[in-house]
Amino acid sequence: MKLELKNPTHVVFGEGKIARLPRLIPAGTKVFLLYGGGSIKRNGVYDQVMAALQGYPISEFGGIEANPHYETILAAAAQARRDGSEYVLAVGGGSVIDAAKFLTSAITTDEADPWDAFFHKRYPKHILPVGCVLTMPATASESNAVSVISSTERHLKYPFANEAARPAFAIMDPSTMASLDKRQLSNGAVDAFTHVLEQYLTLPGNTPVQHGYSEVLLRTLIEWGPKLLADNSPEARETVMWAANQALNGLIGAGIEQDWSTHYIGHAITALYGIDHARTLTLVMPSLLRFKRDDKLQMLVRYARNVWGITETDERKAADLAIERTENFFRDMGLPVRAGDLEGIRVVAADVVDHMERAEQTKLGERGDIGPAEVKRILDMAA
Ligand code: NZQ
Ligand code: ZN
């Protein structure tokens, strides 16, 4: 096993922790406050942030979209430069935090075309620090390096990664989740579940620590995801918020050949049809697992036994049962698992493949053996 792991994000978790902001951002710092379509103004989170930052010079930019747009982020960067901002504070879900991590490089870059520069990993040496207040558990964007950004002009949704942009701190107050509707709650819990599977259902490897912790996270989400939907209780909120963070903060994937094919196919589907991120994943993943069952057999059997308690002794049958249980879990959480579940949308495989080719994502999976032909087969199976 070989790995490197560095996660400098200072996590501050618990109810009432937004009040800690003055301990996390030095007094007098010019803060650039970034947020989404207005949920934080309706649920009191904006007021809590402003109360905590009383006396700080603050400029703000609202209107970051779900699946954040490159063009909007460039407009925010221009404002942050004009205002002489020194610290970017993202308040929202994964979209706002992803936007903030991309924005911080867009503020200081000299490149004429930041998308092209960052696509080729040419990030500026100096960027502003980013902090965040998370309002929706799902992506773990609050403590990872990834920004998934959509360009309207390019018709692309692409995952950029800049280690320097990992948030300096993440305030995670589960009570902010009280205003999330059922759709967002289920999206979040299931997105986190797929993040674990993309790092777990791969090659066996000698990584019992990572695989063992992945199983804890999967069992936790299977138990607490439905509870969260049922009553959005404080216990369910804090459990799912913490599990979602652990699912993609780097720990369980360290030293592992990761998959991410479901995510890349899903990003293409969101770019083409505007479907919520999590809903594209549940559409693809069961079919992808069936398609790759024999390659993933060893880990699928382990998953069947340790996560779902399946005792079937025939390994292929056990793997099939585990995939079926996964599909049922997605369906029970209210997400689509077949193209027919999408109302009024027809997913065209050729367009998905075209997106993947333009994103240079044509060798997917832990073995790099999922290309255009395989993607078409997988989407046919999901029809
Ligand atoms: O925009 P506002 O008004 O804030 O409303 C949001 C948005 O409409 C709303 N919301 C968030 N917190 C709320 C709330 N509504 C009421 N009460 C609250 N407390 O929920 C809607 C969805 O928010 P969004 O941030 O888009 O959701 P999510 O956290 O699922 O983020 C999705 C984005 O993250 C990317 C996805 O591709 C997508 O663009 N991902 C980022 C990853 C990463 N950084 O590692 C990995 C993921 O796999 C994913 O690809
Ligand atoms: Zn995801």
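Let us look at the structure shown here. The structure presented is a predicted model; accordingly, all values stated were derived computationally and were not measured.

### Describing the site of ligand 1
Item 1. Near ligand 1, the surroundings consist of 31 residues, among which Gly37, Gly94, Ser95, Lys157 and Ser179 are the closest.
Item 2. In the environment of ligand 1, an oxygen atom lies 2.7 Å from a nitrogen or oxygen atom belonging to the backbone of glycine 94.
Item 3. A distance of 2.7 Å separates a nitrogen atom of ligand 1 from a polar side-chain atom of serine 179.
Item 4. Classifying every residue of the shell around ligand 1 by side-chain character gives eight nonpolar, 20 polar and three charged.

### Regarding the packing of helix α10 (residues 261-273) against helix α14 (residues 349-358)
The packing of two helices is summarised by the inter-axis angle and the distance between the axes.
Item 1. Running from N to C, α10 and α14 cross one another at 110°; their axes reach a closest spacing of 9 Å. Considered as vectors, α10 and α14 are oriented roughly perpendicular to each other. For the crossing formed where α10 meets α14, the hand is right-handed. Contacts between α10 and α14 involve Ile265, His267, Ala268, Ile269, Ala271, Leu272 and Tyr273 from the first element and Asp351, Val352, His355 and Met356 from the second.
Item 2. In terms of residue class, the contact of α10 with α14 is made up of eight nonpolar, two polar and one charged.

### Remarks on a nonpolar patch on the surface
Item 1. Taken together, the side chains of Met1, Leu3, Leu5 and Leu251 define a hydrophobic patch exposed on the protein surface, amounting to about 400 Å² of accessible area.
Item 2. Positionally, leucine 251 belongs in the loop between α9 (234-247) and α10.
Item 3. Among the residues examined, leucine 251 registers a relative accessible area of 36% and is labelled partly exposed.

### Things to note about the nonpolar core
Item 1. If you look at the biggest cluster of nonpolar residues, it comprises 83 residues, and the most contacted ones within it are Leu34, Leu103, Phe160, Phe193, Tyr303 and Trp308.
Item 2. What tyrosine 303 contacts, discounting residues up to four positions off in sequence, is Phe193, Leu197, Tyr200, Leu201, Leu218, Trp308, Ala322 and Thr326.

### Some thoughts on the sheet that holds strand β3 (residues 58-61)
Item 1. Read from one edge to the other, the open sheet built from six strands follows the order β1-β8-β5-β4-β2-β3, with strand pairing classed as parallel. Two strands in the sheet have a free side with no partner beyond their single neighbour: β1 (10-13) and β3. Across the sheet, the mean angle separating the axes of adjacent strands is 15° when strand polarity is ignored.
Item 2. Sheet topology places β1 next to strand β8 (residues 169-172); four bridges connect them, and they run parallel. Counted as the bridge partner of valine 12 is isoleucine 171 from β8.

### Description of the packing of aromatic side chains
Item 1. All chains considered together, the criterion is met by 17 aromatic pairs.
Item 2. Ring centres 4.8 Å apart and planes at 50° place the aromatic pair phenylalanine 193 and phenylalanine 329 in the tilted group. With phenylalanine 193 in helix α7 (residues 182-200) and phenylalanine 329 in helix α13 (residues 315-332), the pair connects residues that are 136 residues apart, well separated along the chain. Accessibility classification places phenylalanine 193 together with phenylalanine 329 in one group, the buried group.
Item 3. Ring pairs connect the aromatic residues Tyr70, Phe102, Trp115, Phe118, Phe119, Tyr123, Tyr158 and Phe160, which therefore count as one cluster.

Conventions and cut-offs
Residues numbered from 1 in each chain as written. Chains lettered and ligands numbered in written order. Predicted model: local features only at pLDDT ≥ 70, side-chain atom pairs only at ≥ 80, totals over all residues. Heavy atoms only, no water. Near = heavy atom within 4 Å. Polar contact = N/O pair within 3.5 Å; in protein donor to acceptor, adjacent residues only side chain to side chain. Nonpolar A, V, L, I, M, F, W, Y, C, P; charged D, E, K, R; others polar. Axes fitted to C-alpha atoms, helices over the stretch in contact; angles between N-to-C directions. Helix = DSSP H or I, 4+ residues; strand = E, 2+ residues; numbered from the N terminus. Parallel < 35°, antiparallel > 145°, perpendicular 65-115°, else oblique. Left-handed = near helix turned anticlockwise from the far one by under 90°. Contact = heavy atoms within 4.5 Å. Patch = residues over 30% accessible without salt bridge, like charges linked within 9 Å, V, L, I, M, F, W, Y side chains within 5 Å. Areas by Shrake-Rupley, 256 points an atom, 1.4 Å probe, with all protein chains shown as cover. Salt bridge = Lys/Arg side-chain N within 4 Å of Asp/Glu carboxyl O. Buried < 20%, exposed > 50% of the residue type's maximum accessible area, 1.4 Å probe, protein only. Core = buried A, V, L, I, M, F, W, Y, C linked by side-chain atoms within 4.5 Å. Pairing = 2+ DSSP bridges. Phe/Tyr/Trp six-rings, centres within 6.5 Å; stacked < 30°, edge-to-face > 60°.

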